[in-house]
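# Working through the structure, step by step
Listed below are the residues making up each chain.
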Amino acid sequence: MSFRQIQQSCKGFTLIELMVSLAIGLFLIAGVFSVYINGKESQRAVDDQVMMIDNARFAIETISADLRQAGIWGRVKNDPTRVSGANLAAGSECVAGWTTNINRPFFVFDDLDPYGPPCINQYGFGDVVEMRYTLRDPIVPPGSVLQADEIYVNSDVNSATFFAGNASPNISVAAADYPYVARAYYLSADGDTIGDGVRSLHRISLQPGPVVVDDLMLAGVDDLQIQIGLDTQPTGNLDGLVDTYVNPTNVVDWSAARSVQIWVVVRSERTYPNIQPFSANIAGNVKNYPDDGFRRVVASSVVYLRNIR
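Residues numbered from 1 in each chain as written. Predicted model: local features only at pLDDT ≥ 70, side-chain atom pairs only at ≥ 80, totals over all residues. Heavy atoms only, no water.

### Points about the environment of Val211
The test is simple: The helix and strand labels rest on DSSP assignments: H or I over at least four residues marks a helix, E over at least two residues marks a strand, and numbering proceeds from the N terminus.
Within the secondary structure, Val211 is located in strand S10 (residues 211-219). Considering only alpha carbons, one finds Val211 and Cys119, 92 residues apart in sequence, at a separation of 9.9 Å.

### Considerations on unusual backbone geometry
Note the following rule: Throughout, exposure labels follow a simple rule: accessible area from a 1.4 Å probe, protein chains only, divided by the maximum for the residue type, with under 20% read as buried, over 50% as exposed, and the rest as partly exposed.
In this structure, Pro118 follows Pro117 across a cis peptide bond, with omega equal to 0°. Note that Pro118 resides in the loop between strand S4 (106-109) and strand S5 (128-134). Across the junction of Gly209 and Pro210, the peptide omega takes the value -10°, indicating a cis bond. Note that Pro210 resides in the loop between strand S9 (200-207) and S10. Positive phi, normally seen in glycine, also occurs at Gln122, with a value near 55°. Here Gln122 shows up in the loop between S4 and S5. By relative accessible area, Gln122 is classed as partly exposed at 40%. One non-glycine residue, Ala283, lies in the positive phi region at around 55°. As for its placement among the helices and strands, Ala283 is situated in the loop between strand S14 (279-282) and strand S15 (285-288).

### Describing the environment of Ala174
Convention followed: The contact criterion used throughout is that any non-hydrogen atoms of two residues lie within 4.5 Å.
Inspection of the secondary structure puts Ala174 in the loop between strand S7 (160-164) and strand S8 (176-188). In this structure, the C-alpha to C-alpha distance between Ala174 and Asp156, residues 18 residues apart in sequence, is 5.7 Å. The residues contacting Ala174, other than those within four sequence positions of it, are Arg75, Ser155 and Asp156.

### Considering the sheet that holds strand S11 (residues 221-230)
Short version of the rule: In this analysis, strands are considered paired if DSSP registers two or more bridges between them. The angle between two axes is taken between their N-to-C directions and runs from 0 to 180 degrees, where each axis is a line fitted to C-alpha atoms and a helix contributes only its stretch in contact.
The four strands are arranged S12-S11-S13-S16 in an open sheet whose pairing can be described as antiparallel. Each end of this open sheet is capped by a strand with a single partner; those strands are strand S12 (244-246) and strand S16 (294-304). Sheet twist, expressed as the average angle between the axes of neighbouring strands with direction ignored, equals 25°. Relative to S12, S11 is paired through three bridges, and the arrangement is antiparallel. Considered in S12, the bridge of Gly229 is made with Tyr245.

### Details of the nonpolar core
Put simply, the test is: Put simply, a nonpolar core is a bunch of buried Ala, Val, Leu, Ile, Met, Phe, Trp, Tyr and Cys residues held in one set by side-chain atoms that sit within 4.5 Å of each other.
One finds Leu67, Phe106, Ile228 and Ile262 to be the most contacted residues of the largest nonpolar core, which totals 60 residues. With seven residues, S8 is the largest single contributor of residues to this core. Counting residues in hydrophobic clusters, the runner-up holds seven residues, among them Val265, Ala280, Ala283 and Tyr289.

### Notes on a nonpolar patch on the surface
Just so we agree on the cut-off: Residues form patches when they are more than 30% accessible in relative terms and have no salt bridge. Like charges link within 9 Å. Nonpolar side chains (Val, Leu, Ile, Met, Phe, Trp, Tyr) link within 5 Å. The Shrake-Rupley method, run with a 1.4 Å probe, gives the accessible areas here. Residue values count only the displayed protein chains as cover. Any carboxyl oxygen of Asp or Glu within 4 Å of a side-chain nitrogen of Lys or Arg constitutes a salt bridge here.
Residues Ile16, Val20, Ile24, Phe27 and Leu28 make up a contiguous nonpolar surface patch of roughly 560 Å² in combined accessible area. Residue Val20 is classed as partly exposed on the basis of its relative accessible area of 45%.

### Topic: the pattern of salt bridges
All chains considered together, the criterion is met by nine salt bridges. A salt bridge links Asp48 to Arg270, with the shortest nitrogen-to-oxygen separation between them at 3.0 Å. A residue pair is termed long-range when its members are at least 10 positions apart, and Asp48 in helix H2 (residues 15-69) and Arg270 in strand S13 (residues 257-271) qualify at 222 residues. For Arg270, a relative accessible area of 19% puts it in the buried group.

### Details of the pairing of S8
In terms of residue burial, S8 counts as a mostly covered element, since 11 of its 13 residues are buried. In terms of strand pairing, S5 meets S8 through six bridges, oriented antiparallel. Opposite Val129, over in S8, you have Tyr185 as the bridge partner. Examined bridge by bridge, strand S6 (residues 151-155) and S8 share four bridges and lie antiparallel to one another. By the bridge assignment for S8, Val153 is matched with Tyr178. Pairing analysis gives six bridges linking S8 to S9, with the strands arranged antiparallel. In the strand pairing of S9, Arg183 is matched with Ser205.

See the structure below:
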């Protein structure tokens, strides 16, 4: 093979061919990059949706757990005539008598802040629900491990008595001491930082002291609405079944409550471009939320009030 033949066989790309190849390569890379970016954005949107659903589930389950226990006083179910010591001084309260209000083991305020600071701080929107009860398991053995700055309920099958401190009023084998719980949930106008405008689920609860303490439970909760399921059979002929659901302001006899339906609206942590305004039917009312770029989800659940009679 001559030198000329070898030279011709080793001939490379022309400048035009190289430029065309680069253009095609850049086009393919741009397409792959675009698919990657869109896929990543879609994954983030899915992750946000899952997180919102998880947060909504957490909010509902947290409130539901307290509602299921409301109205149990140790070994006595809700019956104010069998509970004594309700005028027990409780230190720092929302209002006088709030802590041990045996006549109101469960109550809901309809889009209203009933107390204000220092009990409810930076109230934002939605219903306020409160509940009172004892924990299911007693302190064993009776009279042991009691703290001087806490409130307890001593109970047998016939009656229950509030007491504070480490001296149980009844240490017989028929009685037991139970830790006492008083709580309420509301939506604050702000989240972790005052003025950030992130509505958040808060819980106020009785703590050692005894004092009432306000805790942030979950940021990004835009609404909390509750309806009460009532047994509306004639007095003395209640069958224990729910006949209708009403807003809290329409409840005349709270002892007729048999269940609670809870709605929560949870928003995403970040905003999205070109998101559609959010509208939802909540507790029989169509509510429109601001076109602020946040995604939102609505979750609802029904809780049976096992101890309200």
